[in-house]
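# Close look at the chain arrangement
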Amino acid sequence: YKNLKGKEITKKEAEKIARNYARFQNNVKIKVTENGDGSDYGFYSVTIQDPKTKEEASMDITKKGGYPIWFIHTRDVNDQKISLNEAGNKAIQFLKERKFENLTMFESMQYDNIGVFTFVSSEGDVRIYPDSIRVKVALDNGDIIGMSASDYLKSNHERTLPKAEISAEEAKKAINPNVKVMEEGMAVILNDLNEEVLCYEFLGTLDDDTYRIFINAINGMEEKVEMLQQS
C-alpha cells in the first residue's frame, strides 16, 4: 500500500471508521487489534458485535490514512425486496459518501439474495481495471454487507497514460472474425508480467457466450480474453 496518502490513525479513529461502516443501531462490543508489526504498511483489525441481534461485522483498516482494506457484515439475507438496480445505486452512494471518486460500475451480479458490484477508476474514457473495488449489497433492505478495496488501495495512483499507437479498427483485426463486437472502449489492465498496459477493450458475442477481449493499444497483441459469466 505504498501509494496511500494521509496521516497515521489511532485505534480510537479506527473504531470510529468501523462504526461508520457497520451502522449498528444498538450498543456494541468492539475489539481493535494492531497488525503488520515490522511492516511498512500496518493495519488495524476491528470486530464489532451487536449483543442484541448477535450480528457481527469485521474490517481491516490501514494505519496510514485510515482506508478500508475489506469489510464484511455477517447476517442472513432472506427475502429479496429491492431490485439489483436499486442495490447498485446504494453501492454507488455508499462509495461516494466515503470519498471514493471517479469510479465506474462495470459489473453487477446476483447470488441468491445478494448483489455484488464491481467498480473501477477511470481517467477520461479509459477504465483502470487494477483499481477495482467490490461491494456486496443485501437485497432485503439495501444494507452494505461487504466490501473489498485491497486492489484499489494497492494500485490507485496518478498515472500518465501512453497514447495508442494503433487505431481501434487495426486492433479489431486481432479478434476472431466470427465474434460479433457489441461495444468497444479503452482500458488499462495488468499483463502476465504484472505490468500495466493500455488496451482496446471489446465486448463481443460468439454463439451463446459473451467475451471481453483486450488488445494492446501499442503493438496490437492480444493481451487477455475473458468469458463473462451469465448473471
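Notes on the structure in this doc start here. Just so it is clear, the model here is predicted, and its values are computed rather than measured.

Attention shifts here to the side chain of Arg 75. Secondary-structure assignment places Arg 75 in the loop between strand S4 (68–74) and helix H2 (84–97). Judged by its relative accessible area of 18%, Arg 75 falls in the buried class. There is a polar contact of 2.9 Å between the side chain of Arg 75 and the side chain of Asp 140.

The next subject is the layout of surface pockets. Size it by volume and the largest pocket reaches roughly 720 Å³. Along the walls of the largest pocket sit 28 residues, with Tyr 67, Lys 99, Phe 100, Tyr 152 and Asn 156 positioned nearest its centre. Elements that contribute at least two residues to the lining of the largest pocket include exactly helix H1 (11–22), strand S6 (114–123), strand S7 (126–138) and helix H3 (150–155). In this model, the second largest pocket occupies a volume close to 550 Å³. Lining the second largest pocket are 27 residues, with Tyr 129, Pro 130, Ser 132, Asp 151 and Lys 224 sitting closest to its centre. Going through the elements one at a time, strand S5 (103–111), S6, S7, H3, strand S9 (180–190), strand S11 (209–216) and strand S12 (222–227) are the ones with two or more residues in the lining of the second largest pocket. For the lining of the second largest pocket, the residue count by class is eleven nonpolar, seven polar and nine charged.

Turning next to the packing of aromatic side chains. Counted according to the given criterion, the structure contains six aromatic pairs. Aromatic side chains Phe 106 and Tyr 129 sit 4.9 Å apart centroid to centroid with 85 degrees between the ring planes, which places their arrangement in the edge-to-face category. Taken together, the residues span a long stretch of sequence, with Phe 106 in strand S5 and Tyr 129 in strand S7 at a distance of 23 residues. Neither Phe 106 nor Tyr 129 differs from the other in exposure class; each is buried. Of the aromatic side chains, those joined through ring pairs into one cluster are Tyr 21, Phe 71 and Phe 94. When the ring centre of Tyr 44 is taken as origin, the NZ or CZ atom of Lys 63, which lies over that ring, is 5.6 Å away. One residue, Arg 98, lies across the ring of Tyr 21, its end atom 4.8 Å from the ring centre.

Calculation notes
Residues numbered from 1 in each chain as written. Predicted model: local features only at pLDDT ≥ 70, side-chain atom pairs only at ≥ 80, totals over all residues. Heavy atoms only, no water. Helix = DSSP H or I, 4+ residues; strand = E, 2+ residues; numbered from the N terminus. Buried < 20%, exposed > 50% of the residue type's maximum accessible area, 1.4 Å probe, protein only. Polar contact = N/O pair within 3.5 Å; in protein donor to acceptor, adjacent residues only side chain to side chain. 1 Å grid on protein atoms, 1.4 Å probe; cavity = no way out; pocket = protein on both sides within 12 Å on 5 of 7 lines; lining within 4 Å. Points joined across faces, edges and corners; volume = space filled by probe spheres on them. Nonpolar A, V, L, I, M, F, W, Y, C, P; charged D, E, K, R; others polar. Phe/Tyr/Trp six-rings, centres within 6.5 Å; stacked < 30°, edge-to-face > 60°. Lys NZ or Arg CZ within 6 Å of the ring centre and 35° of its normal.

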